Amino acid sequence: MALLFDAIIVGGGPAGAAAAKACAEGGLRALLVERNALPRSKACSGILVRASVDLVSRHFGAIPPDVLAEPATLQSLRMHFPSGRTLDVPLGGAFVRRGPFDQWLRRAAGVEISEGTTARSFEESADAVTVQCTRGPGEALVVQGRVLIAADGGTSRIVRATAPERHGRLAWYTALQEAWTAPCGLEPGCFHFFAYPSISPYASAYVKDGKTVLEVVAAAGDSAKAAMSRFSELLKRDFGLGEGGRRVCRLGCRVAYAATRGLFCFGSGRILVAGEASGLLNPFGEGISSALASGRIAGEAAVRALRESRVPGDLYRAAVEVERQRTLRQFRYGGYLAGRNVTFDVRKGLSALPVTGRIGVVADLLGWLASLGGPEGPRPEGRLGSR
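Being a predicted model, the structure only gives us computed values, none of them experimental. (Residues numbered from 1 in each chain as written. Predicted model: local features only at pLDDT ≥ 70, side-chain atom pairs only at ≥ 80, totals over all residues. Heavy atoms only, no water.)

*Asks:* Can you break down the layout of surface pockets residue by residue, with the values?
*Replies:* By volume, the second largest pocket amounts to about 340 Å³. For the lining of the second largest pocket, the secondary-structure elements that each account for two or more residues are α3 (98-109), β10 (172-180), β12 (203-208), β13 (211-218) and β14 (247-256). It is α3 that provides the largest number of residues to the lining of the second largest pocket, a total of three residues. (1 Å grid on protein atoms, 1.4 Å probe; cavity = no way out; pocket = protein on both sides within 12 Å on 5 of 7 lines; lining within 4 Å. Points joined across faces, edges and corners; volume = space filled by probe spheres on them. Helix = DSSP H or I, 4+ residues; strand = E, 2+ residues; numbered from the N terminus.)

Here it is as structure tokens:
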């Protein structure tokens, strides 16, 4: 017999926690299902942009000191270009440790949590969704909710079942993150983004908790390890990344940028898809802000739908449209340069440069965006562009 809930949330990251918090505040009996044992590790920088800090403060309260990394303040996004030019985009955000951060959010959500539980399959009817789960080494668990919120990441099992054709149309990348004890000349408190298509479509590095963290993604036909090797050589040459350091962590995952091809998936009548699972991810790979926002929207839509006897999916798709448009805007050249409702307002950084420097950086920025394929989508073959 199925355990009955008002809402079932699959995925225990920021999107799932935000959805769970909204459901709990609205008086719904909710269950959060997380496949991993908690707390979990994740290949993520843990940067909170200003919008994320504001959302967390508003709905969860002040971030505990033990969740914040060192340095705790994220001053800027610093873009590095092959021309040697740089662009500092002010952020006023924070650095967090993802494992403790996600754990804090989940506990603060105030719902029942089933960790180490995998949602295997589901069946949607006119008034409920039944989910078949496996808990631990093989215990069967069947749960049923009037709403299912899928916040289970970019490789979402629920999205693959809901929109099977979408998965094959996405351009998939392999992301790799390494943390080293080796010293480096990168300025702390900045998220350093390297717009070097010959190295990786998206390469970044930063100093966090006394370690130098490197991140790359590789398109189909390239190797993430090879991209990491190219990136390491660049940092050794230009920023003095030290030899002889010890690698203390290596994490990887698959990621797709759905927005470039308009391949969003927000669910169906009683299934609401939030966070990266829906395709909400900006060009810099930052997804926490959209995850928190869309998760909150999904939870509020569930509460309203059950209270008013409405179709949850209809309410959610209408309300989450603002996040879809914001994500799309960030893959369009004009949106970035105009700084209209984007996560990283490059206009503020450009305004601090002299006119001659501004022209060069704009050319660099447009060249990098073009290497990603622009609004039509990234080029999935091999290395993108040349240095």
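*Asks:* Kindly report on the environment of A179, identifying the contributing residues and their values.
*Replies:* Here A179 lies in strand β10. For A179, a relative accessible area of 9% translates into the label buried. With 26 residues separating them in the primary sequence, A179 and A205 have C-alpha atoms 9.6 Å apart. Filtering out sequence-adjacent residues up to four positions away, A179 remains in contact with K211, T212, V213, R246, R247, V248 and C249. (Buried < 20%, exposed > 50% of the residue type's maximum accessible area, 1.4 Å probe, protein only. Contact = heavy atoms within 4.5 Å.)

*Asks:* Break down a positive patch on the surface for me, with residues and values.
*Replies:* A contiguous patch of positive charge on the surface is contributed by R35, K42, R120 and R157. Mapped onto the elements of the fold, R35 is located in the loop between β2 (30-34) and β3 (47-48). (Patch = residues over 30% accessible without salt bridge, like charges linked within 9 Å, V, L, I, M, F, W, Y side chains within 5 Å. Areas by Shrake-Rupley, 256 points an atom, 1.4 Å probe, with all protein chains shown as cover. Salt bridge = Lys/Arg side-chain N within 4 Å of Asp/Glu carboxyl O. Lys, Arg positive; Asp, Glu negative; His and termini not counted. Charge placed at Lys NZ, Arg CZ, Asp CG, Glu CD.)

*Asks:* Can you break down the state of the cysteines residue by residue, with the values?
*Replies:* Counting across every chain of the model gives zero disulfides. The thiol of C249 is not disulfide-bonded; the next cysteine sulfur, from C253, is found 12 Å away. What makes C249 partly exposed here is its relative accessible area of 29%. (Disulfide = S-S within 2.5 Å.)

*Asks:* Please give an account of the packing of helix α1 (residues 14-25) against α3 that cites residues and values.
*Replies:* Two elements in contact, α1 and α3, have axes separated by 8 Å at closest approach and are oriented at 15 degrees. Here α3 runs roughly parallel to α1, going by the angle between their axes. Crossing angle aside, the handedness with which α1 passes α3 is left-handed. Each of P14, A17, A20, K21 and A24 in α1 lies in contact with α3, whose residues at this interface are R98, F101, D102, L105, R106, A108 and A109. (Axes fitted to C-alpha atoms, helices over the stretch in contact; angles between N-to-C directions. Parallel < 35°, antiparallel > 145°, perpendicular 65-115°, else oblique. Left-handed = near helix turned anticlockwise from the far one by under 90°.)

*Asks:* Got a sec to walk through the pattern of salt bridges? Specific residues and values, please.
*Replies:* In this structure the tally under the stated criterion is 23 salt bridges. Across the salt bridge formed by R50 and D54, the nearest N and O atoms sit 3.2 Å from each other. Taken together, the residues span about one helical turn, with R50 and D54 both in helix α2 (residues 50-59) at a distance of four residues. Note that E233 and K236 form a salt bridge whose closest N and O atoms lie 3.6 Å from each other. Highlighted residues: E233 and K236, both in helix α6 (residues 224-239), separated by three residues, approximately one helical turn. Looking at K236, the relative accessible area reads 29%, which means it is partly exposed.

*Asks:* Please set out the confidence of the model for the protein chain residue by residue, giving values where relevant.
*Replies:* Model confidence for the protein chain is summarised by a mean pLDDT of 91, while 94% of its residues fall at 70 or above. Long-range and interchain partners of residues 374-387, a stretch whose pLDDT sits below 50, account for 49 contacts in this model, where long-range means more than four residues apart. (pLDDT = per-residue confidence, 0-100.)

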